[in-house]
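# Reading the structure
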Amino acid sequence: MSEDNSQRDDNSVLSTPSRESSSFFDEDDLNDLPNSNYFQRVRGSDPRIATCRGKLQNKRSKLNQEINKELRLRAGAENLYKATTNKKLRETVALELSFVNSNLQLLKEQLAELNSSVEVYQKDSTEPAMPMIPLGLKETKEIDFRDPFKDFILEHYSEDSSLYDDAITEFMDIRQAMRTPLRDNSGVSLLFDYYNQLYFVERRFFPPDRSLGIYFEWYDSLTGVPSCQRTVAFEKACVLFNIGAVYTQIGTRQDRKSSRGLDSAVDAFLRAAGTFQYIHESFTNAPSMDLSPDMLDMLVQLMLAQARECLFEKLELQSQDLRDVDVCLDLGQEAAQVADAYSKVFALISVPSVKDYVAQSWVSLAMVKQEHYRALSHYHVACGLLSLLKKQSSPKKHPAPKPPTPKKISVDANDNNNGSLSLPNRTRDTLQYIHAPNVEDDAKLQIEIRVPKDEAECRLLGRAHLREAVLRHDESQRLFRMCRELRGKDSLISELRRAHRRASELYKSLEEDDDFRDMLDPPLIVASTKFQLSLTPPDFAQFRVQDLFKSLGPVAIFSAKHHWTAPRTIQLVLQPGEKGDGFGFMVRGDAPVVVAGVDGGSLAEAAGMKQGDFIAAIGDEDVKWAVHEHVVQKIKEAKKNGSSLCLKLVTPMDRNYLKPRTSVTSNKGSFSPTSTTSSSSSGVSSGSHSPQGSVTSSRLAKQTSHQKKLTWNPFRNKAKGDEPNGYEGNVILR
């Protein structure tokens, strides 16, 4: 009773809807796959390879084990403290608890430091670049499936479990390799292969009403705290999390100084976001913090923000040689869009249920990037406005400048050369839209100019945006210095300083006159983008696998949740001269073929064949996967040759697989002399097995004269005067 209750508790902790098991493969297509070992070409990375990422993951694994040890010590000490009444002993236990808590805090800080080691995953480059945030993999323990699976095969499927030793070993090898995937597409393929194998394994070996004693234990990627469950849904969610984590590492390691590398990074981050979103929608009430809804929401937004950041970098890269006012304004809006994306990330990461479990460097980096890209938005708008002045003053056509070079520019508002500013319609519309209307509280502190009418207003507005850019860059560097974990990130501080120096030099190059309007803030920049991002959900159909336990039969029929009687063998022998009578049964369906009807008084009825039986084997040939025509041909050959027909049958014990008995002379439907449907179940008969052996036509007359017609059917409605009381007790459902 307690075991059943604990199983229900596990199912309530983590569950997945039925749509999650949508077919990402065709069972019919599995017949076309080669019989060779499909997974021998896919293996995990060698843990002995001393790569930086490998060393980091090994440290994570050791820290997880030490955290687990300290948690056990703390649980024992707390129980002892509550149980004892001895004052001296309580003081000793309290002291020990303080030591354990101190060690636990140090271990968690070390794990947070590992999560902050974002530079290890970045692409080696001589040029500085903003670092991206990757995720570390969840660690798990090795599981021995041999004994539970072999016992279940023998008990539930009534087959020789030794025939499946290789399949079980292969499945264990796949899981072992999955624990250390490569950080590339082959690692993703390995994780998907294992996930798709779980589709078959869950249906073959994990019944909904009991547990096999198999526990899946995974360590939290962020806290190192272990979680253990018996449900395969938990295993699936953790594997999907690692798929998303590998995608984040693939995106982080791309060369973001080339368009191709930026495209690959965007694709990887969108795939990671789609994977985390799929986990959030398909799995509920996960026991570990890295699978909680709030955490997954934050991770989705973080991956989207990093993808948008890569798109902005690509736009900067493509326009660095020719950058006119319209391109500068587009860059300003795109940068504002990236800043808004990181603003959403910061709002989600600041929630207590998330902030308490992620590295502090993540929180600080989100704030730094928010200010950095807000500064870039003002900088690019200022560059666009100042390029208008150069274009206005120079009648000759020349390529649009890069960000204006540090040159002394007169900005005297009373200059006699100041005239009206001619703007293209597109530029005028963009400026009208890009500058947000003043907020009432800040209206007195902001410049009222939205679209400059003359050169003086254009200079004033451009200089205001530059001043705001410098101030925002100062703020981003201040936030950087406040976070201890970020101080060692050389590429980050180099990029921040480069952007700050570029804006400062341009601002200082402008001749500033005494104008009280210089102290006013520029209008806020409205975020806008030309790139619409869409999440890329996991594509399970891309990674087709072969069912390692295919010999057990079609998984839709022969699965752990269905029940059927123990297999029984019957042998039908026709006497010479009686071939025209046939064996007396009809079949239908494919894989497996089902007995559609049994003639009264026939050999088949006397042998114990029932309507709805599955034909599992004919002679020594397993026909659970055979098509209808093949089974019919085998039966016809036995009848034609006058030899005996040996059949292995199982009777389903699920009501939905048995249809009401139809008369043998019925004209409804078309039946061949043998047929079946696909369904599955498992069960045992508490009484003696169904008749097993050889039944000949000469013995049939004697049997039918001394016994009543066999009408065994445990699911038909029992009428009055039917079998004696207690007949239904002859069948025990597991």
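Note that the structure is predicted; figures quoted are calculated from it, not measured. (Residues numbered from 1 in each chain as written. Predicted model: local features only at pLDDT ≥ 70, side-chain atom pairs only at ≥ 80, totals over all residues. Heavy atoms only, no water.)

## Observations concerning the overall build of the protein
A tally of helices and strands in the protein yields 18 helices and 13 strands. When contacts within the protein are restricted to residue pairs at least 6 apart in sequence, those whose partners lie at least 24 apart make up 82%. Surface summary for the protein: the accessible area is close to 35,100 Å², and the carbon and sulfur share equals 49%. (Helix = DSSP H or I, 4+ residues; strand = E, 2+ residues; numbered from the N terminus. Contact = heavy atoms within 4.5 Å. Areas by Shrake-Rupley, 256 points an atom, 1.4 Å probe, with all protein chains shown as cover.)

## Looking at the packing of helix α4 (residues 146–157) against helix α6 (residues 185–205)
Running from N to C, α4 and α6 cross one another at 55°; their axes reach a closest spacing of 10 Å. Classed by the angle they form, the pair α4 and α6 counts as oblique. From α4, Phe149, Phe152, Ile153 and Tyr157 reach across to α6, where they touch Val201, Arg203, Arg204 and Phe205. (Axes fitted to C-alpha atoms, helices over the stretch in contact; angles between N-to-C directions. Parallel < 35°, antiparallel > 145°, perpendicular 65-115°, else oblique.)

## Side note on the nonpolar core
With 109 residues, the main nonpolar core has Phe149, Phe205, Phe276 and Trp362 as its most contacted residues. For this core, the element with the most residues is helix α9 (residues 293–318), which contributes 14 residues. Setting aside chain neighbours within four positions, we find Phe149 in contact with Ile168, Phe171, Val201, Phe205, Phe206, Ile214 and Phe549. In this structure, Ile434, Ile449, Ala469 and Leu510 belong to the second largest nonpolar core, which totals 31 residues. (Core = buried A, V, L, I, M, F, W, Y, C linked by side-chain atoms within 4.5 Å. Buried < 20%, exposed > 50% of the residue type's maximum accessible area, 1.4 Å probe, protein only.)

## Description of the packing of aromatic side chains
Summed over the entire model, instances satisfying the criterion amount to 24 aromatic pairs. When the centroid spacing of 6.1 Å and the interplanar angle of 35° are considered together, the rings of Phe206 and Phe216 count as tilted. On the criterion of sequence distance, the pair formed by Phe206 in the loop between α6 and β1 (216–219) and Phe216 in strand β1 is long-range, its members being 10 residues apart. Accessibility expressed as a relative area gives 1% for Phe216, which makes it buried. One residue, Lys138, lies across the ring of Phe241, its end atom 5.7 Å from the ring centre. One residue, Lys236, lies across the ring of Tyr195, its end atom 5.9 Å from the ring centre. (Phe/Tyr/Trp six-rings, centres within 6.5 Å; stacked < 30°, edge-to-face > 60°. Lys NZ or Arg CZ within 6 Å of the ring centre and 35° of its normal.)

## Here we look at the pairing of strand β9 (residues 645–650)
In this structure, strand β4 (residues 568–573) lies alongside β9, joined through 5 bridges in antiparallel fashion. If you follow Thr569 over to β9, its bridge partner there is Lys648. (Pairing = 2+ DSSP bridges.)

## Remarks on the pattern of salt bridges
Across all of its chains, the model carries 27 salt bridges by this definition. A salt bridge links Arg426 to Asp330, with the shortest nitrogen-to-oxygen separation between them at 3.6 Å. Linking Arg426 in helix α13 (residues 425–434) with Asp330 in helix α10 (residues 325–349), this pair joins segments that are 96 residues apart in sequence. Overall, Arg426 belongs to the partly exposed group, its relative accessible area being 49%. For Lys530, the salt bridge identified is with Asp330, shortest N-O distance 3.0 Å. (Salt bridge = Lys/Arg side-chain N within 4 Å of Asp/Glu carboxyl O.)

## Here we look at the environment of Pro352
Following the sequence through the fold, Pro352 ends up in helix α11 (residues 352–355). By relative accessible area, which is 57% here, Pro352 ends up exposed. Residues Pro352 and Asp294, spaced 58 residues apart in sequence, show a C-alpha to C-alpha distance of 9.7 Å.

## Here we look at unusual backbone geometry
Residue Ala591 is joined to Pro592 through a cis peptide bond whose omega torsion reads -5°. Looking at the secondary structure, you find Pro592 in the loop between β5 (585–588) and β6 (594–598). The phi angle at Ser158 is positive, at roughly 55°, despite the residue not being glycine. Along the chain, Ser158 falls in the loop between α4 and α5 (165–178). Classification of Ser158 by relative accessible area gives partly exposed; the value is 32%. We note that Asn285 has phi near 55°; this positive angle belongs to a residue other than glycine. Tracing the chain through its elements places Asn285 in the loop between α8 (259–282) and α9.

## Concerning the confidence of the model for the protein
The predicted structure's coordinates, where accompanied by low pLDDT, should not be read in detail. Overall, the prediction assigns the protein a mean pLDDT of 76, with 70% of residues at 70 or greater. In this model, residues 1–13 is a region of pLDDT below 50 whose contacts with residues beyond four sequence positions or in other chains number 19 contacts. Counted against residues more than four places away or in other chains, residues 657–734, with its pLDDT under 50, gives 178 contacts. (pLDDT = per-residue confidence, 0-100.)

## What to know about the packing of α8 against α9
Where α8 meets α9, the closest approach of the two axes is 9 Å, and the angle between their N-to-C directions is 165°. Looking at the two axes, α8 sits roughly antiparallel to α9. In terms of crossing hand, the pair formed by α8 and α9 is left-handed. A breakdown of the residues in the contact of α8 with α9 according to their chemical character gives 19 nonpolar, 5 polar and 4 charged. (Left-handed = near helix turned anticlockwise from the far one by under 90°. Nonpolar A, V, L, I, M, F, W, Y, C, P; charged D, E, K, R; others polar.)

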